[in-house]
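Structural description and commentary
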Amino acid sequence: MKLRTIVELIEGQVLSEAADLDREVQGGCGADLMSDVLAYSLSNAVLLTGLCNPQVVRTAQIADVAAVVFVRGKRPPNGTIDLANQEGIPLVSSPYGMFEIAGRLYHAGLPSCEACLD
Amino acid sequence: MNKPASSPLRISRAITDKAAGVITRIEELSYDLKVGEVMTRRLQTVQPEMRMGAVLDLFRTARISGAPVVAAGEPAKLVGVLSLEDLIHALQINDLRAPVSEYMTTKVITARATDPVVEALKTFGARNVGRLPVVDEAGQLVGILTKGDITDGVLQALQKEYQAEEVRRYRASHLFEDIISDRTSLILRYRIEARDFTHGGNASSNIKRALLRLGADAQLARRCGIAAYEAEMNLIIHTIEGGTVKLEIEPGLIKIEVTDTGPGIPDVDLAREPGYSTATDEVRELGFGAGMGLTNIQRCVDDMQLESTMGVGTQLTMHIHLPEEIPPRA
């Protein structure tokens, strides 16, 4: 699914510069615990999170996350946006909660990009 | 920060200190690139005494929408600019027999070939002009500049940078073939400060980038990046004086050594249990400290050893075996 479609489905607002909205996203994952993202997200997923600090961007960059969606209308601090622009990670803010966003995307055909417990 | 994402080139506004912190590469290029590098050199000029009807034919055949007006002489002198709009004015009153000098704009706004492109962008933003004649230091006409020229110039510069990165990547990825020894390895060292949450992950980020540049595949770079990141965060969260991350790359093996000088882990086996954590709420608010770090590392590496002595320090050693020599053949 294109990032553009995801942004539309969740009525998101793109917060970062140079976001390639035509980028193909493989699936989604949701977590506030960055270690969970590092452990269980598969490459090229959109990450739904309530966490706004720069570590989210670092985690996204290390774990090959395609884009970060902040849930419940959260706005990350400038430090987070700066780092995202530097690393080329698109940031999106959606007014909906994590459950609603995940539901909308899953319903529209975006698969889960979380590895099962091994 | 609040600038529209779609038009990074529109920077006619003054740049504040705050905005300066988030200048994009494209904006940087608009300072680096000079007008003379992006302008069109082969330019069509018209003469003041030329008839508007002839200009109409010229614009049509040369597919241009404006031209500088140059008076004959040695050296030739820039005396005005004639735009499509001027031509339309003449057409409206059926005055195509009039000379160019009657319709041209004589107050010519020019750009200097030696100016950075950003200056020309400011002029485009402030004045309602579609093209700027470009002059050299002596005031001689040397070219013409449109916004399209700037876009093309910036894109070409970006393309060049991209190719340069490709070349760097190619060179780095052949390092191990080009240098002959009995055992070649590349060592990267990073110093990590305790409690430096702001820069947490920078070292791991650089490690991942280095591996990609060396020709590692995405999956391998990701595994090493995750292992290094968790270890780096442990140094930031738990140590007294920080520590070091050392990455050694050799054909067939990547070794990551993370060393600190204390306080040490009282019970190493307990620390390795998933979910066991001594992290503070502050750390948990950052999305770490859930006791999953060492578990995550273990999942990413082929083997790891954790040794710790209270009051002396901790050493974490990780090995990642490479299925084929790094770099894999591209």
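Here, the structure is the one placed above.
Here, residues in each chain are numbered from 1, in the same order as that chain's written sequence. Chains and ligands are labelled by the order in which they are written, letters from A for the one and numbers from 1 for the other. Only residues with pLDDT of at least 70 are given local features in this predicted model, and only at 80 or more are side-chain atom pairs given and counted; all residues enter the totals for whole chains, interfaces and linings.

1. Digging into the overall build of chain A
Defined as follows: A run of DSSP states H or I qualifies as a helix once it reaches four residues; a run of E qualifies as a strand once it reaches two. Both are numbered from the N-terminal end. Field definition: a residue is buried when 20 or more other C-beta atoms are found within 10 Å of its C-beta, exposed when 12 or fewer are, and partly exposed for counts in between, with C-beta atoms placed from the backbone.
Scanning chain A from N- to C-terminus turns up five helices and five strands. Counted from the first residue to the last, chain A has its helices and strands arranged as α-β-β-α-β-α-β-α-β-α. Among the 118 residues that make up chain A, the fraction classed as buried is 53%.

2. A few points about the interface of chain B and chain A
Spelled out, the test is: Contact between residues is assigned whenever the C-beta positions, reconstructed from backbone atoms, fall within 7 Å. Here the nonpolar group is Ala, Val, Leu, Ile, Met, Phe, Trp, Tyr, Cys and Pro; Asp, Glu, Lys and Arg are the charged ones; every other residue, Gly included, is treated as polar.
With 25 residues of chain B at the interface, the matching set in chain A holds 25 residues. Among the secondary structure elements, those contributing two or more residues to the side of chain B that touches chain A are α9 (202-213), α10 (218-238) and α13 (293-300) of chain B. Its residues assigned to classes, the side of chain B that touches chain A shows eleven nonpolar, ten polar and four charged.

3. A look at the sheet that holds strand β3 (residues 111-112) of chain B
Residues and elements named next belong to chain B. To be explicit about the condition: Only strands joined by at least two bridges in the DSSP assignment are considered to pair.
Read from one edge of the open sheet, three strands run β3-β4-β5, paired in mixed fashion. Either end of the sheet is taken by a strand with one partner, and the two such strands are β3 and β5 (141-146). Pairing of strand β4 (residues 131-135) with β5 involves five bridges; the strand directions are antiparallel. Note that in β5 the partner of Pro133 across the bridge is Ile144.

4. Here's the deal with the pairing of strand β8 (residues 253-260) of chain B
Look at any regular strand and the pattern is simple: side chains alternate between the two faces of the sheet. Residues and elements named next belong to chain B. Here β8 shows one buried face, formed by Ile254, Ile256, Val258 and Asp260, and one open face, formed by Leu253, Lys255, Glu257 and Thr259. In this structure, strand β7 (residues 243-250) lies alongside β8, joined through eight bridges in antiparallel fashion. Residue Leu247 lies in a different strand from β8, and its bridge partner there is Ile256.

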